[in-house]
Amino acid sequence: MTVRRLDPVLVDRIAAGEVIERPAAAVKELVENAIDAGARSIAVTIQGGGRELIRVVDDGAGMTPDDLELAVDRHATSKLPDGDLFAIDTLGFRGEALPSIGSVARLSIATRRRDAAQGSGLVVEAGEKGVVRPVAAAFGTRIEVSDLFIFTPARLKFLKSDRAEAQAVSEMLRRLAIAHPEIRFSLEGEHISTFDWPAEPIGEEGLLRRLGRALGRDFPENALRIDAEREGFRISGFAGLPTFHRGTSAGVHLAVNGRPVRDKLLLSAVRGAYADVVPSDRHPVLFLDIGCDPRSVDVNVHPAKSEVRFRDPALVRGLVVSGLKAALAAAGHRATTTGGARTLDAFRAVLSMGGSGNAIPRPSFPQAPGWNAPAPFPSSAPQSGFSDFGAPSADARAHLAEPSADALDRPLGAARAQVHETYIVAQTREGVVIVDQHAAHERLVYERLKAERARNGIARQPLLLPEVVELDPVDADRLIAAGSELESLGLVLESFGPGAVLVREAPSQLAGGNLQRLVRDVADALAEHGTAGSLERRLDHVLATMACHNSVRAGRRMRPEEMDALLREMEITPNSGQCNHGRPTYVELKLSDIERLFGRR
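Quick caveat, the model's predicted, so the values are computed rather than measured. (Residues numbered from 1 in each chain as written. Predicted model: local features only at pLDDT ≥ 70, side-chain atom pairs only at ≥ 80, totals over all residues. Heavy atoms only, no water.)

1. Some thoughts on the overall build of the protein chain
A count of helical and extended segments in the protein chain gives 18 helices and 23 strands. Here the protein chain holds 601 residues, and the buried ones make up 46% of them. Of the contacts made within the protein chain by residues no fewer than 6 positions apart, 69% connect residues no fewer than 24 positions apart. Entry remark: accessible area of the protein chain is about 30,700 Å², with carbon and sulfur atoms responsible for 53%. (Helix = DSSP H or I, 4+ residues; strand = E, 2+ residues; numbered from the N terminus. Buried < 20%, exposed > 50% of the residue type's maximum accessible area, 1.4 Å probe, protein only. Contact = heavy atoms within 4.5 Å. Areas by Shrake-Rupley, 256 points an atom, 1.4 Å probe, with all protein chains shown as cover.)

2. Side note on the packing of helix 2 (residues 23-36) against helix 4 (residues 97-104)
Viewed as axis vectors pointing N to C, helix 2 and helix 4 meet at an angle of 140°, and their least axial separation amounts to 10 Å. Seen from above, helix 2 lies across helix 4 with left-handed handedness. Taken together, the residues of helix 4 that come into contact with helix 2 (itself represented by Ala26, Glu29, Leu30 and Asn33) are Ala97, Leu98 and Ile101. Per-class residue counts for the contact of helix 2 with helix 4 are 5 nonpolar, 1 polar and 1 charged. (Axes fitted to C-alpha atoms, helices over the stretch in contact; angles between N-to-C directions. Left-handed = near helix turned anticlockwise from the far one by under 90°. Nonpolar A, V, L, I, M, F, W, Y, C, P; charged D, E, K, R; others polar.)

3. What to know about the sheet that holds strand 22 (residues 500-507)
With respect to topology, 3 strands assemble into an open sheet ordered 20-22-21, the strand pairing being antiparallel. The sheet is open, and its two borders are formed by strand 20 (460-470) and strand 21 (492-495), each paired with just one other strand. Each strand of the sheet is rotated relative to its neighbour by a mean of 20°, with strand direction disregarded. Bridge analysis of strand 20 against strand 22 gives 7 bridges, and the strand direction is antiparallel. For Val469, the partnering residue across the bridge sits in strand 22 and is Val501. Of the strands in this sheet, strand 21 and strand 22 touch helix 13 (residues 473-481), which is tilted by about 40° from strand 22. (Pairing = 2+ DSSP bridges.)

4. Considerations on the side chain of Asp276
Mapped onto the secondary structure, Asp276 falls in the loop between helix 8 (264-274) and strand 14 (286-291). Judged by relative accessible area, which is 15%, Asp276 ranks as buried. Within the structure, Asp276 has its side chain in polar contact with the side chain of Lys450 (distance 2.5 Å). Apart from residues lying up to four places away in sequence, Asp276 is in contact with Arg443, Tyr446, Lys450, Asp540 and Asn580. (Polar contact = N/O pair within 3.5 Å; in protein donor to acceptor, adjacent residues only side chain to side chain.)

5. Section: the pattern of salt bridges
Applying the stated criterion across every chain, the model contains 36 salt bridges. Salt-bridge contacts for Arg410 lead to Asp406; the nearest nitrogen and oxygen are separated by 3.6 Å. Across the pair Glu505 and Arg460 runs a salt bridge, and its minimum N-O distance is 2.9 Å. Placement of the pair is Glu505 in strand 22 and Arg460 in strand 20, with a sequence separation of 45 residues. Exposure remark for Arg460: the relative accessible area of 36% places this residue in the partly exposed category. Sharing partners across several salt bridges, the network here consists of Asp406, Arg410, Asp564, Arg568 and Glu571. (Salt bridge = Lys/Arg side-chain N within 4 Å of Asp/Glu carboxyl O.)

6. Section: the packing of aromatic side chains
All chains considered together, the criterion is met by 3 aromatic pairs. Judged by centre distance (6.1 Å) and plane angle (70°), the rings of Phe233 and Phe310 are edge-to-face. Taken together, the positions of Phe233 in strand 11 (residues 233-240) and Phe310 in strand 16 (residues 309-310) put the pair 77 residues apart, joining distant regions of the chain. The ring of Phe149 is capped by Arg155, whose NZ or CZ atom sits 6.0 Å from the centre of that ring. (Phe/Tyr/Trp six-rings, centres within 6.5 Å; stacked < 30°, edge-to-face > 60°. Lys NZ or Arg CZ within 6 Å of the ring centre and 35° of its normal.)

7. Some thoughts on helix 17 (residues 560-572)
Over its 13 residues, helix 17 runs 19 Å from end to end, which matches the ideal 18 Å to within 8%, given 1.5 Å per residue. On its buried side, helix 17 packs onto helix 11 (405-409), strand 17 (414-419), strand 18 (423-427), strand 19 (431-436), helix 12 (437-456) and strand 23 (586-590). (Expected span 1.5 Å × (residues − 1).)

8. Comments concerning the side chain of Glu29
Relative to the assigned elements, Glu29 resides in helix 2. Relative accessible area serves as the criterion here: at 7%, Glu29 is assigned to the buried category. Excluding anything up to four places from it in sequence, Glu29 contacts Val19, Ile20, Ala97 and Lys305.

9. Things to note about the sheet that holds strand 12 (residues 252-256)
Spatial ordering of the open sheet is given by 10-11-14-12-13, a layout of 5 strands whose pairing is mixed. At either margin of the open sheet sits one strand with a lone partner, and together these are strand 10 (223-230) and strand 13 (259-261). Each adjacent strand pair in this sheet contributes to an overall mean axis angle of 20°, direction not counted. Summarising the sheet, strand 11 and strand 14 pair through 6 bridges and their orientation is antiparallel. Within strand 14, the position partnered with Ile235 by the bridge is Ile290. Packing of helix 8 onto the sheet brings it into contact with strand 11, strand 12, strand 13 and strand 14, and relative to strand 12 it is tilted by some 130°.

10. As for the pairing of strand 4 (residues 119-125)
In terms of residue burial, strand 4 counts as a mostly covered element, since 5 of its 7 residues are buried. By the bridge criterion, 3 bridges tie strand 4 to strand 6 (residues 133-135) in an arrangement that is antiparallel. Across the sheet, residue Gly121 finds its bridge partner in strand 6, namely Arg133. Between the end of strand 4 and the start of strand 5 (residues 128-129), which pair antiparallel, lie 2 residues, with Ala126 showing a positive phi angle near 55°.

11. Details of the confidence of the model for the protein chain
For the protein chain, per-residue confidence averages 84 on the pLDDT scale, and residues scoring 70 or more make up 84% of the total. Here residues 355-391 is a poorly scored stretch, pLDDT under 50, and it has 9 contacts once near neighbours within four places are set aside; other chains count. (pLDDT = per-residue confidence, 0-100.)

12. A word on the nonpolar core
Core analysis: the largest hydrophobic core is formed by 59 residues, its most contacted members being Val31, Ile42, Val44, Ile54, Leu107, Val145 and Phe185. Sorting elements by how many residues they give to this core places helix 6 (residues 162-179) first, with 9 residues. Counting residues in each nonpolar core, the second largest holds 38 residues, with Ile226, Val270, Leu286 and Val297 among its members. (Core = buried A, V, L, I, M, F, W, Y, C linked by side-chain atoms within 4.5 Å.)

13. Section: the packing of helix 8 against helix 9 (residues 313-330)
At their nearest, the axes of helix 8 and helix 9 sit 9 Å apart, and the two run at 35° to each other. Considering how the two elements wind past one another, helix 8 and helix 9 form a crossing that is right-handed. Mapping the contact onto sequence places Leu265, Leu266, Ser268, Ala269, Val270, Gly272, Ala273 and Tyr274 in helix 8 and Pro313, Val316, Arg317, Val320, Val321, Leu324, Lys325 and Leu328 in helix 9. Looking at side-chain class alone, the contact of helix 8 with helix 9 contains 12 nonpolar, 2 polar and 2 charged residues.

Now the structure itself:
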């Protein structure tokens, strides 16, 4: 078989398989071109998931007739003026998008520069370029792609349903819109939630407004500002509180110099920063833009330009992790505002007559205008009908112990009662706070152990009588192998024959705890975490297990001063808004919401 040169149209179709693998990729290339052209308004319309029609209209710089004729040729571009692939400051640069699309679809372009009296039009079908003709056109560029992949039927077989392809287009456009809030973006079509987001002012306020439109209206009030810089790299954006998480990573938005990416290094850094505060099966919500000299990052490493390669990846990863951790620690005890909203929604569902089958019917009484029944004098004896309710775990007679003004002004208020020997009810100036005592104290002990380890190592206490713990031989071997790590955490173990270890010393903070259960849980934690990941993450995982054993357990009755002390420590402890497992430690109910719940507003 002889070697021959492929037909140019066939070459374009092969290239299209790499660049344009689905409708969303075609929309991405066209919108990136519009952004590079300086557009301030970009409108996208799709039909049939993008297979039947893709229309992108922008108000950018437009093209001259000569530029238009050259733009649909392979590797023709207005970017890379110096031909330097290591100094790319535009989203597009290869000059492959338009010829690739034109080789597998019908491509129609109408464009006009602001200094031109009329526009220019061109049609490309199946790779065959037509003649540039004068057309009536608005300032900017209008591109229509119809019958995508009609000339490559095999490619159509690999596309998903119209709904799935339309959703992919929507997700892609949202990522670009988040990275460029100064541009108006709109999307219309079938099987999608259409949107029209106005251009926002340049700056943090405009970015936060755009994020509120894209990530949900609750995001701005549950977001932390991120701004960190190191050795020529800067990260900026907003990250959601740890308790503001989702079931998928779709809420994680990353960009490098304004280019949306799904880079493994950056995603790993985000997971590492949130590993201590978000459940393992949940994902944070955030947008981060990494700004740097274009020469410090290679964007030409992936056909879809969705991944990048940094010159110093360790530096970038460390900056992302430290920047996010610093912001999360500075947030202190803050928890999401949606916790209280969910609690009130649960109350409404119970009180609503149209809700659960267990809803309590509300009796109706005859009207008696002009007469008010006297209020009965409160009695210490339980009233009939309430005998099944247990007594409060702590003193709930608020009139006997008036909270101090200082305590009411604190973020978590003054403790007023303990119910079910599990939850602390506190009063603030603006509402009520309900605290899960075990979850809160677990986080406090964990942060205390971490701080102690960082300062000079965790204090150890030798056991007067060393304790033998019998285990599965594999677990015992795993504990002994991790002996040096556990010793740095205050737990000193020795082998005591097959399937057993001897506990010589334990952390002082855990003195008096159940060491048998602690050692078994540490063995489980080591087995679950494995040997992957950094040593610090592995140690934190074990510390979290230890902290759980020395926390105030659910079911323990607490004195009022103990409850207040717990609230005050929560207010000054980093990450105390969620426990070691990522669950919220408290919810806050605003007085205005409670009054609306009972029809007072």
